[in-house]
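The primary structure of each chain is shown beneath.
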Amino acid sequence: MKETRAHVLLLLVLTFALYAPTLRYPFVNFDDPGIVLGNPVLRENSVDAWVSAATERQGGTFLPVRALSYKIDFAFTEGNPLVFHAHNVLLAGVLHVLAYFVLLGFFRDPRAALAGAILYAVHPVHVESVAWVTGRKDLLSSIFALAALLCFRRARVREPASLAPAALALFVLAALSKATVLVLPLWLVLEEFLAPRKEGEPARRRWLAGPAFFFLAAFLLFVIHYQEARLAGVAKEIRSADDQLRTVAGGLIEHLRLLFLPEPLCARARSGFGSPLYLLALPILAFAAVWLRPRQGRSEDRLRLAAAWFVIFILPTANLIRTSTPAAERYLILPSLALALALAPALSRRRVCTGIVCGVLAILNLARQPVWSDGNPLWKDTLRKTTARL
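Residues numbered from 1 in each chain as written. Predicted model: local features only at pLDDT ≥ 70, side-chain atom pairs only at ≥ 80, totals over all residues. Heavy atoms only, no water.

A few words on the side chain of S336. Topologically, S336 is positioned in the loop between α16 (297-314) and α17 (337-349). What S336 contacts, discounting residues up to four positions off in sequence, is Y120, V125, H126 and L259. (Helix = DSSP H or I, 4+ residues; strand = E, 2+ residues; numbered from the N terminus. Contact = heavy atoms within 4.5 Å.)

In structure tokens:
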């Protein structure tokens, strides 16, 4: 217990130290003015405004949990960006702690869980979600999704009826923060079948006690979010089969590249096969595959779980339906936990290697943060990197 508390404190201190520079950043002219600053519903402190924030689209999207979090910030300030950025950093700390407990459930080894959580915390693909005030939806949805997963695990070892409603409520909050977490039931089903069955527990009862509720909630929430998109006029058309396949494949490769080679990062990432970076990513992926080759059954199962985690949580942003951004750093906030799941046990046995890997990622993280310090460096960086890839 003392070791776990020390690890939690270490992760919080690491998060605050890593993202402290973002506290002095202003808002950026990338959705922040329209969604946050220029929204009178968020600024107004009245009952009608709170109801509107919870029930109506704000900034063209129906994300009531994020909208209510902004109203909490406005309750303490008239729009000081320090409060908004501090809120994001606090949420990032909570997310990293929850990731630690999720990994602890996988490994049953606090040191392996800590190594994975540190790797997850310092990865530079998370800078966009933390440094960008509008990116808070990714933090909130990930927090509630991981909390729902932890509650679901506890319900499995206890009487299912005791924690299942809490897990369901957390899942609803996650989906109302960002709809991409609607795939969480797929992972819960996977864990349900992999977990050992209680003695004398019928398989059918176990099924009805868990994932069935999540599938029902996922279906209803999907209908709600699709209806909102249709009414807003942003429902997407399906592309031709050839174009769709190339887009999906390019996006998946780009996201894998960002996991293992998170440089360069770009707010308007493009997917494709023409960049020389893919040639560099291939030997890195090959080296990772050799280094992580299964040496026993547990290793093989762990790598399969990591691959399943990545595939399930990248699925909503895999461009199966047309999106304006084929690939983005923020899309990896949950899928990137697969990297920690794959590497954590090996890193916990190689402390020097852990220090090197996490140190390099932390340096890249700190180097990426100033890009989000203002609108000018953000768009200059985006234009330069986008032009270079054309």
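Let's shift gears to the pattern of salt bridges. In this structure the tally under the stated criterion is 6 salt bridges. Across the pair R136 and D73 runs a salt bridge, and its minimum N-O distance is 2.7 Å. Taken together, the positions of R136 in helix α9 (residues 136-157) and D73 in helix α5 (residues 64-76) put the pair 63 residues apart, joining distant regions of the chain. A single burial state applies to R136 and to D73, both of which are buried. Between D138 and K178 there is a salt bridge, with its nearest N and O atoms 2.5 Å apart. Taken together, the residues span a long stretch of sequence, with D138 in helix α9 and K178 in the loop between α10 (160-175) and α11 (184-194) at a distance of 40 residues. Assessed through its relative accessible area of 2%, D138 is described here as buried. (Salt bridge = Lys/Arg side-chain N within 4 Å of Asp/Glu carboxyl O. Buried < 20%, exposed > 50% of the residue type's maximum accessible area, 1.4 Å probe, protein only.)

Turning to the nonpolar core, a few remarks are in order. One finds Y100, L119, L146, W309, F313, L337 and W372 to be the most contacted residues of the largest nonpolar core, which totals 85 residues. Counting residues in each nonpolar core, the second largest holds 10 residues, with F27, I35, V36 and F74 among its members. (Core = buried A, V, L, I, M, F, W, Y, C linked by side-chain atoms within 4.5 Å.)

Our next topic: the packing of aromatic side chains. Here the structure, examined in full by the defined rule, presents 10 aromatic pairs. Plain terms: the ring middles of F27 and F84 are 5.2 Å apart, the flat faces sit at 70° to each other, and that makes the pair edge-to-face. Taken together, the residues F27 in the loop between α1 (2-19) and α2 (32-37) and F84 in helix α6 (residues 81-107) connect sequence positions 57 residues apart. You can call F84 buried: its relative accessible area is 0%. Both rings, one in Y100 and one in F101, keep their centres 5.3 Å apart while their planes meet at 70°; by these two values the pair is edge-to-face. A cation over an aromatic ring shows up here: K71 above the ring of W50, its NZ or CZ 5.1 Å from the ring centre. (Phe/Tyr/Trp six-rings, centres within 6.5 Å; stacked < 30°, edge-to-face > 60°. Lys NZ or Arg CZ within 6 Å of the ring centre and 35° of its normal.)

What follows is about the environment of T77. Relative to the elements of secondary structure, T77 occurs in the loop between α5 and α6. Leaving out residues up to four positions away in the same chain, T77 has contacts with V83 and F84. At 3.3 Å, the side chain of T77 and the backbone nitrogen of G79 are in polar contact. (Polar contact = N/O pair within 3.5 Å; in protein donor to acceptor, adjacent residues only side chain to side chain.)

The relative placement of two packed helices is expressed as an angle between their axes plus a distance between the axes. Put simply, helix α7 (residues 110-122) and helix α18 (residues 351-368) touch, their axes get as near as 8 Å, and they point 20° apart. Between α7 and α18, the crossing angle belongs to the class labelled roughly parallel. For the pair α7 and α18, the sense of crossing is left-handed. Contacts between α7 and α18 involve R111, I118, L119, A121 and V122 from the first element and R351, V357, C358, L361, A362 and N365 from the second. Tallied by class, residues from the contact of α7 with α18 come to 8 nonpolar, 1 polar and 2 charged. (Axes fitted to C-alpha atoms, helices over the stretch in contact; angles between N-to-C directions. Parallel < 35°, antiparallel > 145°, perpendicular 65-115°, else oblique. Left-handed = near helix turned anticlockwise from the far one by under 90°. Nonpolar A, V, L, I, M, F, W, Y, C, P; charged D, E, K, R; others polar.)

We classify D73 as buried; its relative accessible area is 3%. In sequence terms D73 and F84 are 11 residues apart; their C-alpha atoms lie 6.2 Å from each other. With residues up to four places along the chain from it excluded, the contact list for D73 reads V83, F84, H87 and R136. Here the side chain of D73 touches H87 through a polar contact of 2.7 Å, side chain to side chain.

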